[in-house]
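# A structural walkthrough
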Amino acid sequence: MPGIGIPSLADNLPPLLKRNYGKWISHEHPRPGVIKHDSETGEVCFTVRAGMPPNARVSTQTLRKICDVADEYSEGFFRVTQRNSLEFVGVPERKIEGLIARLALMGFPVGGTNRSLHNTVCCTGYMHCHLAATDPAAIMKAVSEMLLKEFENDYLPAKLKISGSGCLNNCGEGSTADIGIVGVHRDLPPIHVGKLKGCELPLVISVCPVGAIKPKGPGMVEIDGKRCIHCPACSVACAAMAPIGSADGDGVAIVVGGKAGNTGDGPAIAKVAVPYLPNNPPYWSEVTGAIRKIVYAWHANARKDERVGEWINRIGWAKFYERTGLPVSTKVIDEFDSRAIEYAKSNVRFKW
Ligand code: SF4
Ligand code: SF4
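### Looking at the site of ligand 1
Taken together, the residues surrounding ligand 1 are Cys 123, Thr 124, Cys 129, Leu 131, Ala 132, Ser 165, Gly 166, Cys 167, Asn 169, Asn 170 and Cys 171. Looking at the shell around ligand 1 residue by residue, the classes come out as six nonpolar, five polar and no charged.

This is the structure in structure tokens:
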């Protein structure tokens, strides 16, 4: 009997990992893209890590090729990591170079370990989400091409994580990455009056995080354009308020300094550094240009093991903008229109 819940882990682990479960004592990085784990039993485990297509999308044809590689090099097992990297775990040391060459022929670069650009991650965006303001998968492809050397080598000050989300819902978790790409809408959600009957209006009103939706007579609501942050929670709750966005209004914000881990300065939520850049496929040159400035300035100026956010914490925002050459926008200061001086001096999200 298969039991209930998700499939068994034991059935999906290579014998090497079963023998050493819970017995690992240390790890090292013998070369970029390769991790060596040592067990107290004396056994070692080599892992080879490669970058996957954006959003870990693979066809069955590609998956069959990956399975063939796993059969030949890692006892028929592989895994996809939290950051959508492809890992062959338990590769015999003598087979590592051959595996890297084989992956290169398939178009899978090996890297993303230690002090390198780790595999980019993103949400589905335009692929099948009606809330997206940008195409995070296409942007991540452009970013990973631009920073291929930084993926394949580990000469950066610390690990670098770049993530993308198609809208402020942040399913791609840009808010906890060193650099996050977040799609932004600038239009108000529509109100298709004829469809409002199908929505629970009290729910629609309560779902707005900033109280921008108000009742306007029986069966009708209105939106306060000054309050709306284009989030777009109401578009999720009510089909009459979707889709939000337009070709001219939508674009990309860049946030920096997020971190999920407990090392260094501890976990942090990323802060807005660039409030708006236009959608400009297929290369998103404004977005990749801004990311390049941040990465190069951080690489040139950060101390060893200093993540992007920790570097900014040390040098301050004035020097961050000076060193990256990015323009400072008043929109990155909370409440700029009403309590600018108070917030600019004391706000927890942005200190000047
Ligand atoms: S972040 Fe936005 S665009 Fe991306 S999957 Fe989530 S809701 Fe959709
Ligand atoms: S988009 Fe977000 S902030 Fe704007 S009205 Fe809808 S729920 Fe409120």
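### A few points about the pattern of salt bridges
Under the counting rule described, the total for this entry stands at twelve salt bridges. Notably, a salt bridge pairs Arg 49 with Glu 87, separated by 2.8 Å at the nearest N-O pair. With a gap of 38 residues between them, Arg 49 in strand 3 (residues 44-50) and Glu 87 in strand 5 (residues 86-89) connect regions that are remote in the sequence. Of the two residues, Arg 49 and Glu 87, neither departs from the other in class, the shared state being buried. Lys 259 is the salt-bridge partner of Glu 310, the closest N and O atoms lying 3.3 Å from each other.

### Re the site of ligand 2
As a matter of local geometry, ligand 2 sits amid 13 residues, with Cys 208, Cys 228, Ile 229, Cys 231 and Cys 234 nearest to it. A majority-of-atoms criterion places ligand 2 in the largest cavity. Per-class residue counts for the shell around ligand 2 are twelve nonpolar, one polar and no charged.

### Re the layout of surface pockets
Put simply, the second largest pocket is a space of about 860 Å³. If you go around the second largest pocket, you meet 38 residues; those closest to its centre are Arg 83, His 118, Lys 159, Lys 161 and Arg 307. Classifying every residue of the lining of the second largest pocket gives eight nonpolar, 19 polar and eleven charged. Mapped onto the domain boundaries, the lining of the second largest pocket takes at least three residues apiece from domain 1 (10-106) and domain 2 (121-184 + 250-346).

Conventions adopted
Residues numbered from 1 in each chain as written. Chains lettered and ligands numbered in written order. Predicted model: local features only at pLDDT ≥ 70, side-chain atom pairs only at ≥ 80, totals over all residues. Heavy atoms only, no water. Near = heavy atom within 4 Å. Nonpolar A, V, L, I, M, F, W, Y, C, P; charged D, E, K, R; others polar. Salt bridge = Lys/Arg side-chain N within 4 Å of Asp/Glu carboxyl O. Helix = DSSP H or I, 4+ residues; strand = E, 2+ residues; numbered from the N terminus. Buried < 20%, exposed > 50% of the residue type's maximum accessible area, 1.4 Å probe, protein only. 1 Å grid on protein atoms, 1.4 Å probe; cavity = no way out; pocket = protein on both sides within 12 Å on 5 of 7 lines; lining within 4 Å. Sits in = over half its atoms within 2 Å of the grid points. Points joined across faces, edges and corners; volume = space filled by probe spheres on them. Domains from an automatic or database assignment.

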